[in-house]
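Structural overview for review
As a plain string of letters, each chain reads:
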Amino acid sequence: MSRLFCFGLGYSAETLAKRLATKGWSIAGTARDLANIERLRGRGYEVVRFTGEAGNAELAAALAGTTHLLHSIPPGPEGDPVLRHYRAEIARLSTLDWIGYLSTVGVYGNSAGAVVDESAQPHPHSDRTRARVVSESGWLALGEEIGRPAQVFRLAGIYGPGRCALDKLRAGTARRIVKPGQVFNRIHVEDIASVLEASIARPRAGAIYNVADDEPAPPEDVVTYAAELLGIEPPPEVPFEEADLTPMARSFYGDSRRISNALIKSELGVRLAYPNYREGLKALADTA
């Protein structure tokens, strides 16, 4: 039986897990929150608690029989907790056929709106994105060392059910911050799952894929369109210079880039279900 183990059975990983479970796969993984662990176990998944510690015997036991390993836990101050503490256990998995590491397009840094594809060298400008680059290299190196195909997936801004501009507008937390020339790509969580499934079907050792939609757009345009779908007035525009932002949010606005997704189409044959934010938000509004 194929067995997916997810280090971090969170939003993106769970979307893939749901698809594979319907195909008869065994699903296992980790989570931090006890209530979430119980919810996932209620779905029939084998889930253990992991908060980055070494020596978790329950986790090591749950890895047994893993054929496909997906890692989505961001590195911490001391680096990647999985590579740091469980590299040896993973290397000993004789059943392992595929490794996927979920990273971020943030590793490219700021391209001033220019198009970026996978041939571009990363230019991380924060501790967070520098740690991501180190983790990417570590997972690719592990795959090469043990002779298993490891792939890196650099994700654009993730949205989907329960996590989009529609939900922020309903909650009254949406903001329309304007920084001229600023554009980002996004990716619907179901399209992430499609890319991962395509890679599982056609693994390539050492591959790096940009996982993004077709249309980079200013963030304020997304909020405006979401408000239009809900039939409400969008929040007022706020100039970036006047916006009260957390350091992480401000660093997010420091980068402007257009992500090329050509490789997932040409190599993996992926056809995005939601190629732009309008189609994605429209579908979410229709199913709410």
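Residues numbered from 1 in each chain as written. Predicted model: local features only at pLDDT ≥ 70, side-chain atom pairs only at ≥ 80, totals over all residues. Heavy atoms only, no water.

Observations regarding the nonpolar core
Core analysis: the biggest nonpolar cluster contains 39 residues, and Leu4, Leu9, Ile27, Leu70, Phe153 and Leu196 have the highest contact counts within it. The leading source of residues in this core is helix α7 (residues 189-201), at six residues. Among residues more than four places away in sequence, those in contact with Leu4 are Leu16, Ala17, Leu20, Trp25, Ser26, Ile27, Ala28, His68 and Leu70. The next biggest cluster of nonpolar side chains, apart from the first, holds 23 residues, and it includes Phe5, Ala62, Leu63 and Val152. (Core = buried A, V, L, I, M, F, W, Y, C linked by side-chain atoms within 4.5 Å. Buried < 20%, exposed > 50% of the residue type's maximum accessible area, 1.4 Å probe, protein only. Helix = DSSP H or I, 4+ residues; strand = E, 2+ residues; numbered from the N terminus. Contact = heavy atoms within 4.5 Å.)

Description of the packing of helix α8 (residues 219-230) against helix α11 (residues 277-287)
α11 packs onto α8 with a crossing angle of 30° between their chain directions and a minimal axis gap of 10 Å. For the crossing formed where α8 meets α11, the hand is right-handed. Here Asp221, Val222, Tyr225, Ala226 and Leu229 of α8 come into contact with α11, specifically with Tyr277, Arg278, Leu281, Lys282 and Ala285. (Axes fitted to C-alpha atoms, helices over the stretch in contact; angles between N-to-C directions. Left-handed = near helix turned anticlockwise from the far one by under 90°.)

A short note on the pattern of salt bridges
Charged atoms that come close allow side chains of opposite charge to pair. On inspection of all chains with the given rule, the structure shows 19 salt bridges. Notably, a salt bridge pairs Glu237 with Arg176, separated by 3.5 Å at the nearest N-O pair. Of the two residues, Glu237 sits in strand β12 (residues 237-239) while Arg176 sits in strand β9 (residues 176-178), which places them 61 residues apart along the sequence. Overlapping salt bridges bring together Arg19, Lys23, Glu190 and Glu197 as one network. (Salt bridge = Lys/Arg side-chain N within 4 Å of Asp/Glu carboxyl O.)

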